[in-house]
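# Descriptive structure summary
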Amino acid sequence: MRPVAWSVVAATLPHLAPQVAAMVQLQYWAGMRPGEVCAMRRADLDLRGPVWFYRPPRHKNSWRGRGLVKAIPGGLQAVLEPWLGCSLVAPIFAPPRAIRWSVARYRLAVLEGQQAAGVAAWSPLQLRHGIATELARQVGIESARRWLGHSSLASTEIYAERDAAELVAIAAAVERLRNAQ
């Protein structure tokens with residue numbers, strides 16, 4: 001899957017509902033999968049410190065016993081803050097009168113925004129590829145791997161507390177990238 005450039009995403013944002021625009025920004029800059037941003041709950045966030053951490057209880061590799069930690073840098077926290085008034089256990093971005101966002105509903109909302117913006121079609125699946133490509137160029141492939149939460153082929157790394165310091169350092173690089181856009 002090819003990455004989507006931030007310039008294309010940014011051109012789409014004004015044509016999205018505020019909730020969907022926040023989801024897209026969070027997914028891109030934090031390197032999340034669509035299902036992770038759709039299911040995000042306040043209970044899964046650690047809001048202490050200059051970098052927040054999202055630890056979803058269930059994710060793609062849960063069945064392997066691996067944890068997942070996503071860092072949310074300072075500037076990106078402002079995108080998330082308006083949505084934190086919900087209950088602790090309800091998905092943060094759940095639409096009114098709905099239990100939660102489905103990935104399909106999210107994808108459709110993004111497509112409608114792209115059509116209104118007149119940009120080339122892209123999928124929320126391409127957002128992770130976009131930030132991974134930028135991070136690999138700017139701070140190296142190993143940092144991109146850590147940011148996305150991928151394990152190496154050589155080991156089955158379980159994410160430990162020592163990784164939080166790495167994520168804080170990478171979060172600073174993501175903030176520099178966001179500010180340069």
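Bear in mind the structure is a predicted one, so any value in this text is a computation, not a measurement.

Conventions and cut-offs
Residues numbered from 1 in each chain as written. Predicted model: local features only at pLDDT ≥ 70, side-chain atom pairs only at ≥ 80, totals over all residues. Heavy atoms only, no water. Helix = DSSP H or I, 4+ residues; strand = E, 2+ residues; numbered from the N terminus. Buried < 20%, exposed > 50% of the residue type's maximum accessible area, 1.4 Å probe, protein only. Contact = heavy atoms within 4.5 Å. Areas by Shrake-Rupley, 256 points an atom, 1.4 Å probe, with all protein chains shown as cover. Core = buried A, V, L, I, M, F, W, Y, C linked by side-chain atoms within 4.5 Å. Axes fitted to C-alpha atoms, helices over the stretch in contact; angles between N-to-C directions. Left-handed = near helix turned anticlockwise from the far one by under 90°. Nonpolar A, V, L, I, M, F, W, Y, C, P; charged D, E, K, R; others polar. Phe/Tyr/Trp six-rings, centres within 6.5 Å; stacked < 30°, edge-to-face > 60°. Salt bridge = Lys/Arg side-chain N within 4 Å of Asp/Glu carboxyl O. Pairing = 2+ DSSP bridges. pLDDT = per-residue confidence, 0-100.

## Things to note about the overall build of the protein chain
Within the protein chain one finds eight helices and three strands. Expressed as a percentage of its 181 residues, the buried residues of the protein chain come to 48%. Looking at the protein chain alone, contacts between residues at least 24 apart form 62% of all its contacts between residues at least 6 apart. Total accessible area on the protein chain is roughly 9,000 Å²; 57% of this is exposed by carbon and sulfur atoms.

## Side note on the nonpolar core
Within the largest apolar cluster, 49 residues are counted, with the highest numbers of intra-cluster contacts made by V24, L26, M40, L80, F93 and Y106. Ranked by the residues each element gives to this core, the list is headed by helix α2 (residues 18-30), at nine residues.

## A word on the packing of helix α6 (residues 125-139) against helix α7 (residues 141-148)
A pair of packed helices can be characterised by two numbers: the angle between their axes and the separation between those axes. Two elements in contact, α6 and α7, have axes whose closest approach is 7 Å; the angle formed by their N-to-C orientations is 145°. Crossing geometry of α6 relative to α7 is assigned as right-handed. Contact with α6, carried on its side by R128, I131, A132, L135, A136 and V139, involves I141, S143, A144, W147 and L148 of α7 and no other residues of that element. Grouping the amino acids of the contact of α6 with α7 by side-chain chemistry returns nine nonpolar, one polar and one charged.

## Comments concerning the packing of aromatic side chains
Per the stated rule, a full pass over the model turns up four aromatic pairs. Considering the side-chain rings of W83 and F93, the 6.0 Å spacing of their centres and the 55° angle between planes classify their relative orientation as tilted. You can see W83 sitting in the loop between α4 (74-80) and α5 (103-117) and its partner F93 sitting in the loop between α4 and α5, a full 10 residues away along the chain. Residue W83 is classed as partly exposed on the basis of its relative accessible area of 24%. Every member of this aromatic cluster is reached through a ring pair, and the members are W6, Y28 and W29.

## Considerations on the pattern of salt bridges
Two side chains with opposite charge may pair up if their charged atoms get near one another. Enumeration over the complete set of coordinates arrives at six salt bridges. The residue R145 makes a salt bridge to E142 at a minimum N-O spacing of 2.6 Å. Of this pair, R145 and E142 are both found in helix α7, three residues apart, which corresponds to roughly one turn of the helix. A relative accessible area of 15% means that R145 is categorised as buried. Its salt-bridge partner being R178, residue E175 comes within 3.8 Å of it at the nearest N-O pair. Residue E175 and its partner R178 are located together in helix α8 (residues 162-180), separated by three residues, close to a single helical turn. Exposure class is identical for E175 and R178. Each is buried. Residues joined in a network through salt bridges with shared partners are D46, R48 and R55.

## Structural notes on the sheet that holds strand β2 (residues 52-54)
Pairing is antiparallel in the open sheet, where three strands are placed in the order β1-β2-β3. For this open sheet the edge positions go to β1 (45-46) and β3 (70-72), each flanked by a neighbour on one side alone. Bridge count for β2 against β3 is three bridges, and the pairing is antiparallel. Within the sheet, the bridge partner assigned to Y54 lies in β3 and is K70.

## A word on the confidence of the model for the protein chain
Confidence along the protein chain averages 83 in pLDDT terms, with 84% of residues attaining 70 or more. Mean pLDDT values for the elements of the protein chain range from 77 in α8 up to 96 in helix α1 (residues 6-12). Low pLDDT, under 50, characterises residues 153-163; the stretch is placed with 16 contacts to residues that sit more than four places away or in other chains.

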